[in-house]
Each structure stands twice: as C-alpha cells, then as structure tokens.
Amino acid sequence: MSHWSNMPSAADRALKWRSYWNLFLSLVSRDIRARYRRTILGPLWAIIPAILTTAIFSFLHRVVEIDTEGAPHLVFVFAATVPWTYFQTSVIRIPFGILANGTLLRKMAVPRFIFPLVVLATTFFDFVMSSIVLFVALLLYQMPITWAWLWLPLLVAMVSLLAWGVGIGIAAFTVYRRDMLHGLQYFMQVWLFLTPVIYSSKELASNLQIVYRLNPTVGIIDGFRRVLIFGQPPDPESLLISLVVTLLILLVAFPLFQVLSQYFADVL
C-alpha cells in the first residue's frame, strides 16, 4: 500500500513537466536577450554569419568555376548556407550551452537534455531571421513559390534532429575532455566541404556518390536547394538515406548522452 502511495500522481507529473517547460522558455528568452544585449546591430547578428559566408563563397565563384545548374549563384549558395549555418552553429554551441549552465545543473534536478534543446531553440531563432532574408533574396531573383515548398517543414525538422543528435553526442564527451572543443570548429569546417553548400551535389564523381550520400547533411541541404531554387521535391533516395543516418545517430547519441550526463554535475 505504501509503495503505491509513494508514486507520484498524474497531476504531480504534469506539474513537474510544466515547471520544466517554464524553465525551458525562461532559458531560451534569457539566452536570446543576452546574446543581443548591448550590441549595436542587435538581432541583425543572427543573419550576419549566413550573409558573410555567402559573400565569401560568391567571391570564390569568381576564382573557381562552380556549376550552379543554371541558377543565379547568390541564391544557389544562400539557399544552402542558411540551413547549414543553423546546423553548424547548433552543433558547436550545444556543448558550450551545457558548460554555461553548469551551476544550474548542479543545483536543480532537471532533465539534462533540456540544455541542448535550449541551444537548439536559440539557434532556431537565428535560422528564422536568416530565412526571412533568404525569402527576400528569392523574391528579388524572381524565384517562384511552388508546391515543393510543402517539403520545407520536413527538411527543417530533419536538420534540427540531426543537429541535436550530433550536438548531444559530441557534448557527451567534450564535457569531460574539453580540449576536444578546440577541434570542433575544424571538424565542422571539414564537414562543410563534404556537403553541397558551395557546389552542386551532381558534381561529385558517380563512383563516390554512395559514400558521399552517407553524409546525412547531403540529402537535407540539397533538399532545401531543390525546393527553394528549382521548385522540385528533394531527391527521395538521398533524403531517405539522410533520415536513416539521422535516426541511427539519435539511437546512439541519446542513450550515450543520458548515461554520461548523469555525472556532468561532478565535473562542471
């Protein structure tokens, strides 16, 4: 009898998860405000990374001939740079987001995965801001809005899941071995050049396509470009491979994070 009486009721569980939700919203609001407080450009910093990256790659286009499949080079690159920047920034910031909330994690019994989700939500804010600029650029280049745009929610969900999975997988180790954080930026730069951001996915030799497509960002980033620039649905085979690899990453990263994060409070 006492065993059952000690179990939390549905109301208690609902109250607990409501407190977690309120904490999540509070942390997201805090991080967004803190990032742009006392800055000259404010939220414009959310779109600057994608714009600068596109400008650099556009300059590169003048030096090296890059096939854009007949599309204007600026929007060809910008359509891929915006989701890639969201992915890259999320992966890099997730470990730092956990380290920054070490004091809170030690003082409160909260699910550890809430902190990576906070980072993902704040970087998603930047993604939305950059997407508005991308939409304006598409209008200026007279790119039509087609039924293919209905694929965008799925693509956004996939790149978010992938960023979260990779981020928590890396964070599970880097919290203990923080010197690995120094190499994270270089790791993401290499990953960038293995992803069709500045070039078309069709440019790779046919005998390397199978290995290339095992990179989960290929089907996703190329899908954004197919939808936004060419008004076509994503390549189903590439997108399916990206989805399968993303789920495999989550199946490994989430349990690993859950186990190792139990001891975060001891090292933070």
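The shown structure was predicted, so the numbers you read here are calculated from the model rather than taken from an experiment.

Here's the deal with the overall build of the protein chain
Here comes step 1: Check the secondary structure of the protein chain and you find 12 helices and zero strands.
Here comes step 2: Counting from the amino terminus, the protein chain carries its helices and strands in the arrangement α-α-α-α-α-α-α-α-α-α-α-α.
Here comes step 3: For the protein chain, the proportion of its 268 residues judged to be buried stands at 46%.
Here comes step 4: Of the accessible surface of the protein chain, which amounts to about 14,500 Å², a share of 69% is contributed by carbon and sulfur atoms.

Focus: the confidence of the model for the protein chain
Here comes step 1: Mean pLDDT for the protein chain: 80, with 76% of residues reaching 70 or above.
Here comes step 2: Taken together, the stretch residues 1–5 has pLDDT below 50 and engages in zero contacts with residues farther than four places along the chain or on a different chain.

Some points on the side chain of Q88
Here comes step 1: By the element assignment, Q88 lies in helix α4 (residues 73–100).
Here comes step 2: On the basis of relative accessibility, which here comes to 16%, the residue Q88 falls in the buried class.
Here comes step 3: Once residues within four sequence positions are removed from consideration, Q88 is found in contact with M188 and Q189.

Section: α4
Helical periodicity: at 3.6 residues per turn, an α-helix aligns residues three or four positions apart in one direction.
Here comes step 1: Taking 1.5 Å per residue, 28 residues should reach 40 Å; α4 reaches 39 Å between its end C-alpha atoms and fits that length.
Here comes step 2: The largest bend along α4 measures about 35 degrees and falls at R93, with the proline P95 one to four residues further on.

Calculation notes
- Residues numbered from 1 in each chain as written.
- Predicted model: local features only at pLDDT ≥ 70, side-chain atom pairs only at ≥ 80, totals over all residues.
- Heavy atoms only, no water.
- Helix = DSSP H or I, 4+ residues; strand = E, 2+ residues; numbered from the N terminus.
- Buried < 20%, exposed > 50% of the residue type's maximum accessible area, 1.4 Å probe, protein only.
- Areas by Shrake-Rupley, 256 points an atom, 1.4 Å probe, with all protein chains shown as cover.
- pLDDT = per-residue confidence, 0-100.
- Contact = heavy atoms within 4.5 Å.
- Expected span 1.5 Å × (residues − 1).
- Bend = angle between axes of the 7 residues up to and from the residue.

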